[in-house]
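Examining the three-dimensional arrangement
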Amino acid sequence: MIVIQGKGVSKGVANGPIYFFQRPSATITDAPAADLEVEKQRIAAAQEKSAAQLNALADKARAEAGDETAILFETHAMFVEDDDYVECMMTALEERHCTAEKAVQLAGEEFSAMLAAMDDPYMQARAADIKDVTRRILNNLTGIAEGGIDSEVPVILAADDLAPSETLQLDKSKILGFITQGGSGNSHTAILARTMGIPAICGLGEALKAEYGGRQVYIDGETGQVAIEPDEITLASFQSKQEEQQKMKELMETMKGQKDVTLDGREMMVYCNIGSPEDISAVLSNDGQGIGLFRSEFLYLASSDYPTEEEQFQAYKNVAAAMGGKRVVIRTLDIGADKQVDYFQMHKEENPALGVRAIRICLNRPEVFRTQLRALYRASAYGKVAIMFPMITSVWEVKECKRACQKVMAELDKEGVPYRQDTEIGIMIETPASVLVAEELAKEVDFFSVGTNDLTQYTLACDRQANDLGKFFDPHHPAVLRALKMATDAAHKAGIWIGICGELGADLELLETFLAIGIDELSVSPTSVLPLRAEIRKSIAKTCTLEKLEC
Ligand code: PEP
Ligand code: MG
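Residues numbered from 1 in each chain as written. Chains lettered and ligands numbered in written order. Predicted model: local features only at pLDDT ≥ 70, side-chain atom pairs only at ≥ 80, totals over all residues. Heavy atoms only, no water.

**Focus: the overall build of the chain**
Along the backbone of the chain there are 20 helices and 16 strands. The C-alpha extent of the chain, read off along each of the three principal axes, is 80 × 70 × 50 Å. Within the chain, the proportion of its 551 residues that are buried is 53%. Nonlocal contacts in the chain, meaning residues at least 24 apart in sequence, comprise 69% of its contacts between residues at least 6 apart. Entry remark: accessible area of the chain is about 24500 Å², with carbon and sulfur atoms responsible for 52%. Treating the 56 positive side-chain charges of the chain as one cloud and the 85 negative ones as another, the clouds have centres 6 Å apart. (Helix = DSSP H or I, 4+ residues; strand = E, 2+ residues; numbered from the N terminus. Buried < 20%, exposed > 50% of the residue type's maximum accessible area, 1.4 Å probe, protein only. Contact = heavy atoms within 4.5 Å. Areas by Shrake-Rupley, 256 points an atom, 1.4 Å probe, with all protein chains shown as cover. Lys, Arg positive; Asp, Glu negative; His and termini not counted. Charge placed at Lys NZ, Arg CZ, Asp CG, Glu CD.)

So, in structure tokens, the structure goes:
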């Protein structure tokens with residue numbers, strides 16, 4: 001048995017074979033092809049393989065998920081052989097005398113751009129399909145396993161580290177757990193693992209060796225323990241924890257349908273954090289009462305080009321409609337720092353966490369902002385959408401955001417496109433500056449949501465990505481909790497609600513402090529909803545104290 005110790009960042013016990021993540025390393029160059037005939041045959045073979053994969057997926061979908069999903073895969077299989085698309089590839093090949101990979105890449109770009117530029121929203125939405133099909137053909141050309149995992153059975157995925165965009169593109173049905181050499185509990189990859197309810201351990205360092213690939217492992221996402229080929233005693237202890245986990249799950253089932261209310265009648269809104277429309281099923285199965293944070297940037301991260309207004313509209317609309325009138329807070333684009341998107345072509349920064357990120361990018365690039373706001377307002381007609389702006393530091397930023405909203409609403413009015421005029425507008429409290437001017441900010445908006453991941457980082461001057469700051473990175477620090485109290489007092493003075501959507505919201509040790517501070521909403525990963533509800537229902541709000549705010 002080999003035992004290695006890391007930092008548990010997403011709870012749960014899992015076991016399976018270790019599989020090392022295959023990073024797509026093929027950079028597609030413009031180098032000339034040696035023989036065009038060979039390249040043509042390679043394209044034909046990759047097309048054939050892609051079509052076969054898609055037809056197999058369609059059959060599986062038909063059996064498991066119904067006709068609608070099956071038709072989607074069948075349509076993609078047809079796109080693989082679409083005459084115009086294939087002609088685009090052949091033209092690129094002959095005109096540029098390039099490799100099959102380059103020709104497919106160029107055809108995908110050209111064809112999807114052409115569709116995106118069409119007036120018909122249906123055709124615009126097909127641009128995303130072409131991008132998806134192109135990615136599949138390219139993967140087959142370069143021998144990269146779809147979803148990064150070439151395994152028949154589900155695995156414990158090992159990697160040096162995983163970028164949020166890589167995590168998003170993984171085939172989740174194949175993943176039992178994550179183990180990584182680097183990473184930190186506040187990184188977006190850890191946040192995604194929690195959202196997906198998959199156990200994860202990071203910071204294993206050099207102790208996680210490539211030679212362990214294929215060996216059976218047990219991982220405990222709470223303690224951070226990784227046991228490779230465990231001996232009998234260790235195995236028994238992991239298995240009994242797994243049984244406990246199962247019992248807890250069953251116990252939590254009894255919380256479904258119950259109210260999020262303390263014993264003395266104080267209500268708390270318990271919402272969920274999501275990264276994509278696919279996470280909705282987890283929200284519904286865990287009985288989340290709304291969405292407190294939809295990280296819209298994950299749509300951008302999962303895409304190889306700017307998502308169009310239509311693509312975004314469909315995603316937001318699906319979430320709003322699926323929540324059936326419950327509040328859905330969608331945060332506008334929050335990239336930068338660890339969330340890098342190549343096609344934005346951002347300048348390299350020395351300190352990206354302090355650089356041009358989040359709302360700063362949107363205010364600097366009004367067209368990108370406008371596209372997203374149009375999609376959000378259009379989606380507002382299908383549910384109870386609220387719009388939230390990240391990384392606010394100043395009142396003028398909020399005023400500028402609101403002006404951009406007004407402009408978009410005026411455009412939609414002119415076009416006769418339906419939207420909800422009373423769509424709530426809120427901001428994230430993630431910087432000490434926003435806490436210090438919270439009274440003025442509160443007069444401008446309908447709600448606050450505290451991003452404690454960034455608020456902790458900026459208040460304590462601790463990089464949230466670093467995994468070696470140890471006790472210096474302390475989200476329970478009285479400075480962070482006092483900042484929460486200041487923002488709450490300012491919100492309530494202005495008569496608006498305030499929530500927490502950072503990871504701290506799910507910290508049961510702080511629930512009483514949040515109740516004492518007066519927090520109105522907690523937005524957590526879907527799997528944290530029921531344990532949080534159980535704890536709320538045991539609490540007595542009026543006896544909660546602010547003692548944790550003392551030094
Ligand atoms: C936060 O900073 O707490 C937050 C919710 O936003 P993100 O983690 O996406 O930066
Ligand atoms: Mg943040």
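Here the narrative resumes, following the displayed structure.
**Some words on the packing of aromatic side chains**
The relative placement of two aromatic rings is captured by the distance of their centres and the angle of their planes. Under the defined criterion, the tally for this structure stands at eleven aromatic pairs. Summarising the aromatic geometry, the rings of Tyr343 and Phe344 are spaced 5.5 Å apart at their centres and angled 35 degrees between planes, so their arrangement reads as tilted. Judged by relative accessible area, Phe344 falls into the buried class, the value being 2%. Judged by centre distance (4.6 Å) and plane angle (5 degrees), the ring pair of Phe447 and Trp497 falls under stacked. Remark: Trp497 occurs in strand β15 (residues 497–500) and Phe447 occurs in strand β14 (residues 447–450); sequence separation between them is 50 residues. Given the relative accessible area of 0%, Phe447 is considered buried. An aromatic cluster is built from Tyr300, Tyr306, Tyr343 and Phe344, whose rings are joined through pairwise contacts. Positioned over the ring face of Tyr382 is Lys317, at 4.9 Å from the centre of the ring. We note Arg378 situated over the ring of Phe313; from NZ or CZ to the ring centre the distance is 4.0 Å. (Phe/Tyr/Trp six-rings, centres within 6.5 Å; stacked < 30°, edge-to-face > 60°. Lys NZ or Arg CZ within 6 Å of the ring centre and 35° of its normal.)

**Re the domain arrangement of the chain**
Segmenting the chain into domains produces domain 1 (2–21 + 150–251), domain 2 (37–146) and domain 3 (254–549). Here the C-alpha centroids of domain 2 and domain 3 sit 36 Å apart. At the boundary of domain 2 with domain 3, total buried surface from both sides reaches about 490 Å², with 55% on carbon and sulfur atoms. There are zero salt bridges connecting domain 2 and domain 3. On the surface where domain 2 and domain 3 come into contact, there are zero residue pairs in polar contact (both at pLDDT 80 or more). (Domains from an automatic or database assignment. Buried area = accessible area lost by both parts, 1.4 Å probe. Salt bridge = Lys/Arg side-chain N within 4 Å of Asp/Glu carboxyl O. Polar contact = N/O pair within 3.5 Å; in protein donor to acceptor, adjacent residues only side chain to side chain.)

**What about the pattern of salt bridges?**
Scanning all chains against the criterion turns up 33 salt bridges. Taking the shortest distance from any N to any O, the salt bridge between Lys339 and Glu297 comes out at 2.8 Å. With Lys339 in the loop between β11 (327–331) and α12 (359–364) and Glu297 in helix α10 (residues 297–301), this residue pair connects regions lying 42 residues apart in the sequence. The salt bridge involving Asp334 is made with Lys339; its shortest N-O contact spans 3.8 Å.

**Details of empty space enclosed by the protein**
For the structure shown, the criterion picks out one cavity of 30 Å³ or more. Its boundaries defined by the atoms lining it, the largest cavity holds a volume of some 60 Å³. Surrounding the largest cavity, 14 residues form its lining, Arg295, Arg331, Met428, Glu430 and Asn453 being those nearest its centre. Contributions of two or more residues to the lining of the largest cavity are made by β10 (291–295) and α17 (452–460). Along the lines of polarity and charge, the residues of the lining of the largest cavity split into three nonpolar, four polar and seven charged. (1 Å grid on protein atoms, 1.4 Å probe; cavity = no way out; pocket = protein on both sides within 12 Å on 5 of 7 lines; lining within 4 Å. Points joined across faces, edges and corners; volume = space filled by probe spheres on them. Nonpolar A, V, L, I, M, F, W, Y, C, P; charged D, E, K, R; others polar.)

**Examining unusual backbone geometry**
Notably, Ala337 is not glycine yet its phi reads approximately 55 degrees, a positive angle. Locating Ala337 in the fold gives a position in the loop between β11 and α12. You will see that Met391, though not glycine, has its phi angle at about 60 degrees, which is positive.

**Examining the sheet that holds strand β8 (residues 225–228)**
With mixed pairing, eight strands are arranged side by side in an open sheet as β1-β8-β7-β3-β4-β5-β6-β2. The strands lining the two open edges of the sheet, one partner per strand, are β1 (2–5) and β2 (7–10). On average, adjacent strands in this sheet sit at an angle of 30 degrees to one another, irrespective of strand direction. In this structure, β1 lies alongside β8, joined through four bridges in antiparallel fashion. Note on β8: the bridge partner recorded for Gln5 is Gln225. Across the face of the sheet, helix α7 (residues 188–196) comes into contact with β2, β5 (175–180) and β6 (200–202) while running at roughly 55 degrees to β2. In this fold helix α8 (residues 232–253) packs onto β3 (13–20), β7 (216–220) and β8, with an angle of close to 55 degrees to the strand it touches most, β7. (Pairing = 2+ DSSP bridges. Axes fitted to C-alpha atoms, helices over the stretch in contact; angles between N-to-C directions.)

**A word on the site of ligand 1**
Surveying the vicinity of ligand 1 reveals 16 residues, the closest of which are His188, Arg295, Arg331, Asn453 and Arg464. Arg331 places a side-chain nitrogen or oxygen 2.7 Å from an oxygen atom of ligand 1. Backbone polar atom of Asn453 to an oxygen atom of ligand 1: 2.7 Å apart, as the coordinates give it. Bound to the protein, ligand 1 loses 100% of the 280 Å² it would expose on its own. Among the detected pockets, ligand 1 sits in the largest cavity. Elements that contribute at least two residues to the shell around ligand 1 include exactly α7, β10 and α17. Residues of the shell around ligand 1, tallied by class, amount to four nonpolar, five polar and seven charged. (Near = heavy atom within 4 Å. Sits in = over half its atoms within 2 Å of the grid points.)

**So, the side chain of Asp220**
Along the chain, the position of Asp220 falls in strand β7. Among the polar contacts listed, one links the side chain of Asp220 to the backbone nitrogen of Glu222, at a separation of 2.8 Å. Here the side chain of Asp220 touches Thr223 through a polar contact of 3.3 Å, side chain to side chain. Ignoring anything within four residues of it in the chain, the contact list for Asp220 reads Gly12, Val13, Ile201, Gln225, Phe238 and Lys241.

**Quick notes on the nonpolar core**
Core analysis: the biggest nonpolar cluster contains 88 residues, and Phe389 and Phe448 have the highest contact counts within it. Other than its neighbours up to four places away in sequence, Phe448 contacts Ile427, Ile429, Ala438, Leu441, Ala442, Ala487, Ala491, Ile496, Trp497, Ile498 and Gly499. In terms of nonpolar packing, the next biggest core, distinct from the first, is built from 30 residues, Phe73, Cys88, Val104 and Ala127 among them. (Core = buried A, V, L, I, M, F, W, Y, C linked by side-chain atoms within 4.5 Å.)

**Notes on the coordination of the magnesium ion (ligand 2)**
Around the magnesium ion (ligand 2), the donor atoms from the protein are Glu430 (OE) and Asp454 (OD), and they sit 2.0 Å away. With Glu430 in the loop between β13 (424–429) and α15 (432–436) and Asp454 in helix α17, this pair connects stretches of sequence that are 24 residues apart. In this pair, the class of Glu430 matches that of Asp454, namely buried. (Donors = N, O, S within 2.8 Å, 3.2 Å for Na, K, Ca; no water.)

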